[in-house]
Structures are given as C-alpha cells and as structure tokens.
Amino acid sequence: MAQFKGTDTYVASRELEVAVNAAVALQRPLLVKGEPGTGKTVLAHEIAAALGYPLIEWHVKSTTKAQQGLYEYDAVSRLRDGQLGDPRVHDIANYIVRGKLWDAFEADAPVVLLIDEIDKADIEFPNDLLLELDRMQFFVYETRKTIAAKHRPVVIITSNNEKELPDAFLRRCFFHYIRFPDRETMEMIVKAHYPEIRQDLLREALNVFFDIRQVNELKKKPATSELLDWLKLLTIEDMPPEALRSSDAKTAIPPLYGALLKNEQDVHLFERLAFLARRRGG
Amino acid sequence: MFAPFILALRAAGVPASITEYLALLRAMKEGVAGFSVDDFYHLSRAALVKDERHLDRFDRVFGEIFKGLESPTGEAPRELPAEWLRKIAEKTLTPEEMAQIEALGGFDALMEALKKRLEEQKGRHQGGSKWIGTAGTSPFGAYGYNPEGVRIGQEESRHRRATKVWDQRTFRDLDEDEALSSRNMKVALRRLRRFARTGAATELDIPGTIGATARNGGSLDLHMVPERHNAVKVLLLMDIGGSMDDHIRICQELFTAARSEFKHLEFWYFHNCPYERVWRTNRRRSETERPMMELMRTYGPDWRLVFVGDATMGPYEIIQPGGSVEHWNEESGEVWMNRLTRHFRKAAWLNPIDKDHWRYTQSISIMQRLMENRMHPLTLAGLESMARELAR
C-alpha cells in the first residue's frame, strides 16, 4: 500500500501523514479544516502526486447541488433533438451528463477525488452525499442503472467552517485540522517553495509576518499562502532585508503590505498603529 | 479494548460514536498507527474528533487515560538546555525584568530552581503556585517564561519528536464558545429565509415543466411551485443604553447580519422594557419617537417581532405602572408586552446574557414568562432555535 509522506514542495506533519494514511487504508473520506491559506486544497494535489493517482477536482459553490456531482439529465437537448428528429433521442442515456463522482467511480485506476469547500454549498449538501460516499455507488433513475465504484477513490473534503456539517456525515470521515505552522515549520515550508531565498531576508520577513499575526484585531490574519506571495514579491523587488528590519516609526507598515493585508480595515488599523508608534517615538 | 477511552471521551463532551470507534479499531488492525504512541494519538484523534473545538477536550482525556504511557524506547531524561533558556530570556526580557530576577537571586539561581522544579514535576499541573504549568502563579510564570517562553514542549517540537503532544494542549484556543461574527449570524438567520418560501403552488415551474415535457416525449406537462415568499418581514426592537452597553458589539453584529439578510427589516429602540413609545435614532430620540400603538397599526401580525435586550432591570419596571426609570408610564410594561405578543403572534426575545445566569435575575424570569418561554440566548445556537421557531 502506498504511504503518504510529505513531498519536496509540501511539508506534512506526522499527524497529517497518519490521518491521510488512515483515510487511504480504510477507504473513507478525509475531512480537512483549517485557517484559510494553510494549504487544504494543495494537500489533495500532493496526496495525488504522492500516491501516483490522477486527481479529480470538484469545486463546490453556493449553487452546487449534490446531484450535479453524480449526473445531470439534459432535458433541453433531448427536447430539441426530439423536435429535429435526431435518432439519438430514443436512448435516454445519450442525455445523461456525468458528474465528477461518476468520473471518479468509473475510472479504471484508483483516483483522488477532491471535494473542495464543501461548506459553501447548501446546508443539506453533505447529507445528500452520505450514501454515495459511504457505499461509493449511486443509482441512475433515468437509465435504471447502478453506478458502483470500480476502485474506491481516495476522497479529500475541505471546509472553511462557514457552516456546521451534519453529524451523520462527520461520522463517516476522518478529520484533520491543519494547525497554523510554527516558525520552524514555516521556514521549512518557505524553503520548500523558494529554495533560493536569502536567509537574512527570510528571517526578517518571518519576524514581520509573525508580528503581524500577533495583532489580534485583524479581520483576516495573513496565512501561509499570503506569506509565500509576499516573499515572492520581496524577491522580485529585490528588497534589502534592512528595509524589513527598521521597526521605527515611518516604516511600521511593512513594504508591499498589499500581499499580506487583504482588507481596508486592516490596512487602516496598521496605519493607526504606525501613527501611534510615531507619536510615541517623537 | 479502548472502551473506557471512548466512554471518557463521551463524558467529556466529545461526541464519539460506535461507528468511529470501529473505524479506529479497523485502522489499528490495518496497521496505520504502527507501534508508536504518538501515531496512535494522531490516529485516534483523526478518527474520533470531528470538530476542532473538541480537540482540546480530546487532548485532556487522552492525557488522563493514557497517563504513564511513554514511548517504548524510553524517553531520554529531560535535560534543560540552559544555554537556550538564557538566550531566550535575554531576548524576551526587558532590563527591568532582568533586574527583578537579579533580586530573586540572580539568573543562574533562577535557572537552577527551574531545573529542579522540572525534575520534580510529574504530570501536568495547572493553576498551582509551585509547579511549572499553565495559568500558574509560580515565579517562572510571572516573568513570561511560561507558557510562551520556556515551554517544555517547545524544545521537543524543535527536534520533531512530538512526545506527549497531547500534554501541550495546543488546541486550547479553539475550544471556546463559537465566536459570533456577523457572517455566522447570517448563516443562522438564513434558516428563517429558507422557510419563508412556502405556500400554495401558484407559480409556473419552468425547469420542472421543461423536464417533465421532455420526459413526456414533447407533449406539454405543466408543473407548479409555491410562490417564493423570500421576503420575510422582521420587526426588530432593541434595548439600548444602561446595562446593554456591555453588549453593544454583539448587537451591532446582529444588526449588520439582519440588515443584509432581510429585505423587510424595521428596527426601533426602547429602554429596558417596551412601553408606549419607541424611537428610531437614539441620538435624535424626541424627533424620531413613535407611539407603540402606531407601530402595531403599521406592522401587521405577519411581521415577526424580535426583541433584543438583556431584560435586566428592576422587576417593578415591568409590573408596576409608572415603573419606568425614564418617564411616567400610565400602563405597566407587562401590559405592553402582552399587547405586543398578542398582536405579533410570531415573536422571540434574544438575550445577550449567558443562559445559565438567567434564573438569577428576577426580571429575566418575568420577561421569559411574558414571552411564553420564547427567550433565546444571543448565540449561534440561540439564533438558530429562534429562526426555527419563527419560521414555524
């Protein structure tokens, strides 16, 4: 059995490895939660890469219905074909559009199925998928056929906690909460992405980053993905590390803060803090 | 074999079920956890805990049940890296604090004491005055070494050896009553909206008709759906001033959420208990005042009435005519409350005070009785139960 380990580009903690391996071994879905930007979606890509399976992604939106993941019956095309006298109209199977779950079930080799941001959908959405994810099969009413998984796919589900998920659904999953990485893990993560980065720049940037996260009033604390974007910008701009270090009055707002602070209240907050710092200094 | 563990978890409020227990056993059989305690910890956590708010409770129970269960190789005797401590301390302490430490017998003396205490310490302690732990009052805690500075777990995680990770209780912050943000509230209030789309089937269902017609082979098959009443009408009466000042933030959040969620939302203010007048703007109160009777004439019984207030006041403010702290009221608050609940059949009261404390305040009990027990705490769960009730 293939085992999941962190890869060159993804730093996985031991707890994450255990959770993934348990989900793979027991063929149950793995539910991944965590602060936005801690790599929930990327995890599915990495699992697929590590196990050598293809990845099927199903991105859930507020309008997504569970049925769309199974199949959809395209009544309108059939109506049109019927009026045009197309011979295809006699077989209803021609108008069944396969969904992502169907693709995953019918695949010839095991796949990784990512159901991304399940909490975005309607509150009933997870309940509608209970049986399908449990038995890995569903029934197509139009053709009276049961579609069963040839190989049970590895199912990864991510959630941002916007809605509570139903208990019956949770019971069928393994659960992992991606904790916000500590400084050292963060360093490893950055190095995995930018092996070339200058050590002094990284150190100063991490100082600034963790300082910003200390500010409790922030609406959206910057997370890993924001840090990576910011570091990239800093490298492109060729920012000297000293520019980050000066915690004195004028530069209390970090350079290129747009990558870290994502909403105007937070930027205002920082301007205010900078102003206070300036006053105290002067 | 782990039955006591599961039972202890359930007793601590982690809703682990038999399904999850069986999953854990199967995973053990499959050899997912290997033979290490840490792996078992991680595995059982992934299998049994489904909500990050329960992670801390899980850690506590795990520590309790598997006490004394160390890694079989034997943990190296805990040696305190003095160099490292000193470095940390120098970096984090201000000169004044350093001076205070000097007064205690110098830095080395303190380190020595710390070292000794660590050796003595067995198991986790909390709230003590001698042991090193969280929330303690020992001299080590007082200088900020603990829990952020000299955390015993810190050193181990540096070596990626998560011995006794559960004892670090890293998820403590997540185990709080759910923070109420206006986004959460919107989700809770949405329940009210969803139920508002019921009624007799009077509208043509276009997708349904197309689907049915196609299935019928082209001959028309009409389908009807209920009209969408997606505009539920909400009348919000908010208590303002006095004891409500403590709850301003949460009321603001509620207001923002309600504002964007309901198309028909009217809000009025009152003080402590609704009497014969309400007002629109607190600052220009006299200009925007309106008689309560007019309110009841303007808004029909199909409006849902939601009070927001702590209902904390003198009991006479409710039951006595002239009991108001602000003006002379001809009729008591009780009369007005009865009038309101009779007119608005769908009514609820949201109270920002913790439900456990309600019974200690007489006026809350009175209000609860006047509301026929339709008072809900201003939490997510409370909002949801309110929405369910109002939608009924």
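Each chain carries its own residue numbering, running from 1 in the direction its sequence is written. As a convention, the first chain written is A and the first ligand written is 1, with the rest following in written order. Only residues with pLDDT of 70 or above have their local features reported here, since the model is predicted, and side-chain atom pairs are shown and tallied only from 80 upward, although totals for entire chains, interfaces and linings are computed over all residues. The side-chain values count all of the structure's non-hydrogen atoms but skip hydrogen atoms and water molecules.

Caption draft 1: Seen up close, the overall build of chain A. A count of helices and strands for chain A gives 13 helices and 9 strands. When accessible area is computed with a 1.4 Å probe and restricted to protein chains, residues below 20% of their type maximum are described as buried, those above 50% as exposed, and intermediate ones as partly exposed. Considering chain A as a whole, with its 282 residues, one finds that 48% of them fall into the buried category. What makes two residues a contact is simply this: any of their non-hydrogen atoms within 4.5 Å. Taking all contacts inside chain A whose residues are at least 6 apart in sequence as the whole, residues at least 24 apart take part in 73%. Exposure was quantified through the Shrake-Rupley algorithm and a 1.4 Å probe, taking into account, for residues, occlusion by the shown protein chains and nothing else. As displayed, chain A has an accessible area near 13800 Å², and 50% of this comes from carbon and sulfur atoms. The secondary structure listing takes helices from DSSP runs of H or I that are at least 4 residues long and strands from runs of E that are at least 2 residues long, numbered from the N terminus.

Caption draft 2: Structural context of the confidence of the model for chain B. All names here are of chain B. pLDDT measures how confident the predictor is about each residue, on a scale from 0 to 100. Looking at chain B as a whole, its pLDDT mean stands at 71, while 64% of the residues score no less than 70. For residues 122-163, every residue scores under 50 in pLDDT, and the model assigns this stretch 80 contacts once sequence neighbours within four places are set aside. The low-confidence segment residues 174-179, where pLDDT is below 50, has 13 contacts with residues more than four positions distant or belonging to other chains.

Caption draft 3: Up close: the interface of chain A and chain B. Contacts between chain A and chain B engage 33 residues on the former and 35 residues on the latter. Buried area is a sum: the accessible area each of two parts loses on coming together, probed at 1.4 Å, counted once for each and added. When residues of chain A are sorted by the area they lose upon contact with chain B, Leu 26, Arg 171 and Phe 175 of chain A head the list and together hold 19% of the total. Polar contacts, as used here, are pairs of N or O atoms within 3.5 Å; protein pairs need one atom able to donate a hydrogen and one able to accept it. Residues neighboring in sequence count only if both atoms are side-chain atoms. Where chain A packs against chain B, one counts 6 residue pairs in polar contact (both at pLDDT 80 or more). Listing elements by their share of the side of chain A that touches chain B, those giving two or more residues are helix H1 (14-26), helix H4 (75-84), helix H8 (167-171), strand E9 (174-178) and helix H9 (183-193) of chain A. Per-element tally for the side of chain A that touches chain B: the top contributor is H1 of chain A, with 8 residues. Side-chain classes follow a simple rule in which Ala, Val, Leu, Ile, Met, Phe, Trp, Tyr, Cys and Pro form the nonpolar group, Asp, Glu, Lys and Arg form the charged group, and the remainder, Gly included, forms the polar group. Here the side of chain A that touches chain B is built from residues that sort into 15 nonpolar, 4 polar and 14 charged.

Caption draft 4: Molecular detail of the packing of H9 of chain A against helix H11 (residues 224-237) of chain A. Residues and elements named next belong to chain A. Each axis is a line fitted through C-alpha atoms, taken for helices only over the stretch in contact, and angles between the N-to-C directions span 0 to 180 degrees. The N-to-C vectors of H9 and H11 enclose an angle of 50°; their axes lie 11 Å apart at closest approach. For the element pair H9 / H11, the angle class is oblique. When you trace H9 past H11, the crossing you get is right-handed. From H9, Met 186, Ile 189, Val 190 and His 193 reach across to H11, where they touch Thr 224, Leu 227, Leu 228 and Leu 231. Residues of the contact of H9 with H11, tallied by class, amount to 6 nonpolar, 2 polar and no charged. Reported orientations rely on four angle classes, namely roughly parallel under 35 degrees, roughly antiparallel over 145, roughly perpendicular from 65 to 115, and oblique for the rest. Handedness of a helix crossing follows the sense of rotation of the near helix relative to the far helix, less than a right angle counterclockwise being left-handed and clockwise being right-handed.

Caption draft 5: Representation of the sheet that holds E9 of chain A within the structure. All names here are of chain A. Reading across the sheet, the 5 strands line up as E2-E5-E8-E1-E9 and stay open at both edges, with parallel pairing between neighbours. Both outer strands of the open sheet, strand E2 (55-59) and E9, are each paired with one neighbouring strand and no more. When the angles between neighbouring strand axes are averaged without regard to direction, this sheet yields 20°. For two strands to be treated as a pair, DSSP must find no fewer than two bridges joining them. Across 5 bridges, strand E1 (residues 30-34) lies against E9 in parallel orientation. Residue pairing for E9: Leu 30 is matched across the bridge by Phe 174.

Caption draft 6: View of H1 of chain A. Relative to the 18 Å expected for 13 residues at 1.5 Å per residue, H1 of chain A spans 18 Å between its end C-alpha atoms, a close match to the ideal helical length. For H1 of chain A, the tally of buried residues reaches 12 of 13 residues, placing the bulk of the element in the interior. Of all the residues in H1 of chain A, the buried ones are Glu 15, Leu 16, Glu 17, Val 18, Ala 19, Val 20, Asn 21, Ala 22, Ala 23, Val 24, Ala 25 and Leu 26 of chain A. In the core, the buried residues of H1 of chain A are packed alongside E1, helix H2 (40-51), strand E8 (154-159) and E9 of chain A together with helix H2 (18-29) and helix H3 (37-48) of chain B. A helix is expected to reach a length of 1.5 Å times the quantity of its residues less one.

Caption draft 7: Focus on the pairing of strand E7 (residues 304-308) of chain B. All names here are of chain B. The buried count for E7 comes to 5 of 5 residues, which makes it a mostly enclosed element. On E7, burial covers both faces: Arg 304, Val 306 and Val 308 on one face and Leu 305 and Phe 307 on the other are all buried. Across 5 bridges, strand E3 (residues 233-239) lies against E7 in parallel orientation. Across the sheet, residue Val 234 finds its bridge partner in E7, namely Arg 304.

Caption draft 8: Representation of the packing of aromatic side chains in the model. To pair, rings of Phe, Tyr and Trp, with the six-membered ring standing in for Trp, must have centres within 6.5 Å; the planes then decide the type, stacked if under 30 degrees apart, edge-to-face if over 60, and tilted in the middle. One pass over the structure, following the stated rule, counts 19 aromatic pairs over all chains. Geometrically, the ring pair formed by Trp 58 of chain A and Phe 125 of chain A is tilted, given 5.6 Å between the ring centres and 55° between the ring planes. One end of the pair, Trp 58 of chain A, is in strand E2; the other, Phe 125 of chain A, is in helix H6 (residues 125-128), and 67 residues separate them in sequence. There is no split in this pair, since Trp 58 of chain A and Phe 125 of chain A are both buried. Grouping aromatic residues by their ring pairs yields a cluster made of Phe 5, Phe 40, Tyr 41, Phe 58 and Phe 62 of chain B. Counted as over-ring charges are cases with an Arg CZ or a Lys NZ within 6 Å of the ring centre that also lie within 35 degrees of the ring normal. When the ring centre of Phe 180 of chain A is taken as origin, the NZ or CZ atom of Arg 213 of chain A, which lies over that ring, is 3.4 Å away.

Caption draft 9: Geometry of the packing of H3 of chain B against helix H4 (residues 55-65) of chain B. Residue and element names in this part refer to chain B. Contact geometry for H3 and H4: axes closest at 11 Å, N-to-C directions at 135°. The orientation of H3 relative to H4 falls into the category oblique. As for how H3 packs across H4, the hand of that crossing is right-handed. Between H3, through Phe 40, Tyr 41, Ser 44, Arg 45 and Leu 48, and H4, the contact on the second element is made entirely by Leu 55, Phe 58, Asp 59 and Phe 62. Taken together, the residues of the contact of H3 with H4 sort by class into 6 nonpolar, 1 polar and 2 charged.

Caption draft 10: Up close: the pattern of salt bridges. In what follows, salt bridge is the name for a side-chain nitrogen of Lys or Arg lying within 4 Å of a carboxyl oxygen of Asp or Glu. For the coordinates displayed, the defined rule picks out 23 salt bridges over all chains. Among the salt bridges present, the one from Arg 198 of chain A reaches Asp 200 of chain A, with a minimum N-O distance of 3.7 Å. The partly exposed category is assigned to Arg 198 of chain A, whose relative accessible area is 38%. Here Arg 60 of chain B makes a salt bridge to Asp 56 of chain B, at a shortest N to O gap of 3.4 Å. Separated by 4 residues within a single helix, Arg 60 of chain B and Asp 56 of chain B lie in helix H4, roughly one turn from each other. Taken together, the shared-partner salt bridges connect Arg 14 and Glu 17 of chain A together with Asp 39 of chain B into one network.

Caption draft 11: Region of the structure containing the side chain of Thr 213 of chain B. Along the chain, Thr 213 of chain B turns up in helix H12 (residues 206-215). If near-sequence neighbours (up to four positions away) are discounted, Thr 213 of chain B is found in contact with Gly 218, Ser 219, Leu 220 and Asp 221 of chain B.

Caption draft 12: Quick look at the environment of Thr 288 of chain B. Residue and element names in this part refer to chain B. For Thr 288, the location among the structural elements is in the loop between strand E5 (277-279) and strand E6 (289-291). Spatially, the C-alpha atom of Thr 288 lies 8.4 Å from that of Val 278, the residues being 10 residues apart in sequence. Reaching out from Thr 288, the side chain makes a polar contact with the backbone nitrogen of Arg 280 at a distance of 3.4 Å.

Caption draft 13: Up close: a nonpolar patch on the surface. A cluster of nonpolar residues, Val 76 of chain A together with Leu 204, Ile 206, Ile 210, Leu 220, Leu 222 and Met 224 of chain B, forms a patch on the protein surface that exposes about 680 Å² of accessible area. Note on placement: Val 76 of chain A falls in helix H4. Patch definition: residues with relative accessible area over 30% and no salt bridge; like charges joined within 9 Å; nonpolar side chains (Val, Leu, Ile, Met, Phe, Trp, Tyr) joined within 5 Å.

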